[in-house]
Amino acid sequence: MINLRLLVSKIWDRDRTWGAKWKVLTSLIRRKVKNLKRLRIMKKPSTPSFVGWGMTSTHALPWDIESSTDKIGLKFLETENRLLKRLSNGEFVTPSENAFQRMGGWRWRHYFLYWSATLATRFTKSSQCNFLEAGVWEGMTVYFAASALKEETGLTRNYRLFLYDAWDSMKSEYLTTKESRAIGNYSYLSLDRTKANLKEFKEHCEFVKGYIPEIFSQNPAPSELSWLHIDLNSSMPTRKTLEECVPKLLSGGVVVFDDYGWRGFDETKKVADEYFSSKDGILMPLPTGQAIFFKR
Ligand SMILES: C[S@@+](CC[C@H](N)C(=O)[O-])C[C@H]1O[C@@H](n2cnc3c(N)ncnc32)[C@H](O)[C@@H]1O
């Protein structure tokens, strides 16, 4: 909007010649036109297609029902819809607040898990496909991996899920000084609730309750693994899990870290970087804070 009074006051000056007044007027008009042009060429910011888990993006989404041709993305969407249905009808229970509403913001994280599980199932050769998760919580992340595994193996290959968790409070002896803020976390967990949440995969699950690393001496990881997910929020148990499991990882298998790039988990990142520096494979950090190691 042009404020006429202001404009006139800027031009009108008794002592100015008519020529000088004209000059001021034309320079004001030129400035106004330039501003308008600049406004017109500035693009409107695009609406983000995704916001959540520490990221904002305007890019195409592999699970977009309208436009995606990505088969893995669309299968992932079916899985997420199934889980949402279970959350809403009480078949999947978690005390985590608003899990149903927050699911959309977790999508890239869960999609990478689904995708990594698909890749590991397709790229490893074994009569039985074994997945191991260290840090199961209520079973949410493994729900996605197990769904991909079931989808991929179909009736042609047997599969098993080895699920390790304390299902109890985090303890100081497993935490560094920096991580000690986590002492007492997860005291609310219940193995029975996790079992009920994963009942769809019941006959394929082996629940191993206990603290890592001690639990590995009574319950070692299986001799062959295709997929390993580590989400322990602690660096020493992460290192021990790598030492126990990675020698058993088949060629074409993957290790997924949940906490790799998250602020406050730099000790876990250091463990992963050091451990994989001498291993045959490649570690890819992801924008979600996860990282995937691909074994050659
Ligand atoms: C962040 S939660 C895992 C979340 C889960 N992956 C998900 O999103 O569905 C971390 C889990 O690690 C478990 N945990 C932490 N330290 C552990 C240890 N030393 N041994 C066994 N479990 C542990 C906790 O009980 C908790 O369930």
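Residues numbered from 1 in each chain as written. Predicted model: local features only at pLDDT ≥ 70, side-chain atom pairs only at ≥ 80, totals over all residues.

### Considerations on the overall build of the protein chain
Step number 1: Along the backbone of the protein chain there are ten helices and nine strands.
Step number 2: The C-alpha atoms of the protein chain give 28 Å as radius of gyration, which overshoots the globular expectation for 296 residues (19 Å, by more than 25%).
Step number 3: C-alpha extents for the protein chain along the principal axes are approximately 100 × 45 × 40 Å.
Step number 4: For the protein chain, buried positions account for 33% of its 296 residues. (Helix = DSSP H or I, 4+ residues; strand = E, 2+ residues; numbered from the N terminus. Rg over C-alpha atoms; globule rule 2.2 N^0.38 Å. Buried ≥ 20, exposed ≤ 12 C-beta atoms within 10 Å, placed from the backbone.)

### Concerning the packing of helix H5 (residues 107–123) against helix H6 (residues 140–153)
Step number 1: Two elements in contact, H5 and H6, have axes whose closest approach is 8 Å; the angle formed by their N-to-C orientations is 35°. As for the relative orientation of H5 and H6, their crossing is right-handed in sense. Contacts between H5 and H6 pair His110, Leu113, Tyr114, Ala117, Thr118, Thr121 and Arg122 from the former with Thr141, Phe144, Ala145, Ala148, Leu149, Glu152 and Thr153 from the latter.
Step number 2: Here the contact of H5 with H6 is built from residues that sort into seven nonpolar, five polar and two charged. (Axes fitted to C-alpha atoms, helices over the stretch in contact; angles between N-to-C directions. Left-handed = near helix turned anticlockwise from the far one by under 90°. Contact = placed C-beta atoms within 7 Å. Nonpolar A, V, L, I, M, F, W, Y, C, P; charged D, E, K, R; others polar.)

### Considerations on the sheet that holds strand S5 (residues 205–209)
Step number 1: Within the open sheet, the seven strands sit side by side as S5-S4-S3-S6-S7-S9-S8. Their pairing is mixed. Each end of this open sheet is capped by a strand with a single partner; those strands are S5 and strand S8 (281–285). Across the sheet, the axes of successive neighbouring strands diverge by a mean angle of 15°, strand direction being ignored.
Step number 2: Where H5 meets the sheet, its contacts fall on strand S3 (128–134), strand S6 (225–230), strand S7 (249–257) and strand S9 (291–295), and the angle it forms with S7 comes to roughly 170°.
Step number 3: Packed onto the sheet, helix H9 (residues 235–245) meets S3, S6 and S7 and runs at close to 180° relative to S6. (Pairing = 2+ DSSP bridges.)

### A look at helix H10 (residues 266–276)
Step number 1: Taken together, the buried positions of H10 are Thr268, Val271 and Ala272. Angularly, the buried residues of H10 cover 95° about the axis, an arc narrow enough to put them on a single face.
Step number 2: Buried residues along H10 sit against H9, S7, S8 and S9. (Arc of directions from axis to C-beta.)

### Focus: the site of the ligand
Step number 1: Taken together, 18 residues sit near the ligand, with Gly135, Trp137, Met140, Thr141 and Asp231 positioned nearest.
Step number 2: Looking at the shell around the ligand residue by residue, the classes come out as twelve nonpolar, four polar and two charged. (Near = placed C-beta within 6 Å.)

### Looking at the domain arrangement of the protein chain
Step number 1: The assigned domain composition of the protein chain is domain 1 (4–41) and domain 2 (62–295).
Step number 2: Of note, the centres of domain 1 and domain 2, computed from C-alpha atoms alone, are 66 Å apart. (Domains from an automatic or database assignment.)

### Observations regarding the nonpolar core
Step number 1: Ala117, Leu132 and Ala145 are the most contacted members of the largest nonpolar core, which totals 54 residues.
Step number 2: Among the elements that take part in this core, H5 stands out by supplying nine residues, more than any other.
Step number 3: With sequence-adjacent residues up to four places away left out, Leu132 is seen in contact with Phe162, Tyr164, Ala221, Leu225, Leu228 and Cys245. (Core = buried A, V, L, I, M, F, W, Y, C linked by C-beta atoms within 7 Å.)

### Here's the deal with the environment of Thr79
Step number 1: Summarising the element assignment, Thr79 is placed in helix H3 (residues 71–89).
Step number 2: The spacing of Thr79 and Lys248 is 169 residues in sequence and 28 Å in space, taken between C-alpha atoms.
Step number 3: Among residues more than four places away in sequence, those in contact with Thr79 are Tyr114, Phe144 and Ser147.

### Let's talk about the packing of H3 against H5
Step number 1: The N-to-C vectors of H3 and H5 enclose an angle of 120°; their axes lie 10 Å apart at closest approach. In terms of orientation, H3 lies oblique with respect to H5. Seen from above, H3 lies across H5 with right-handed handedness. Residues Ile72, Gly73, Phe76, Thr79 and Glu80 of H3 pack against His110, Tyr111, Tyr114, Trp115 and Thr118 of H5. (Parallel < 35°, antiparallel > 145°, perpendicular 65-115°, else oblique.)

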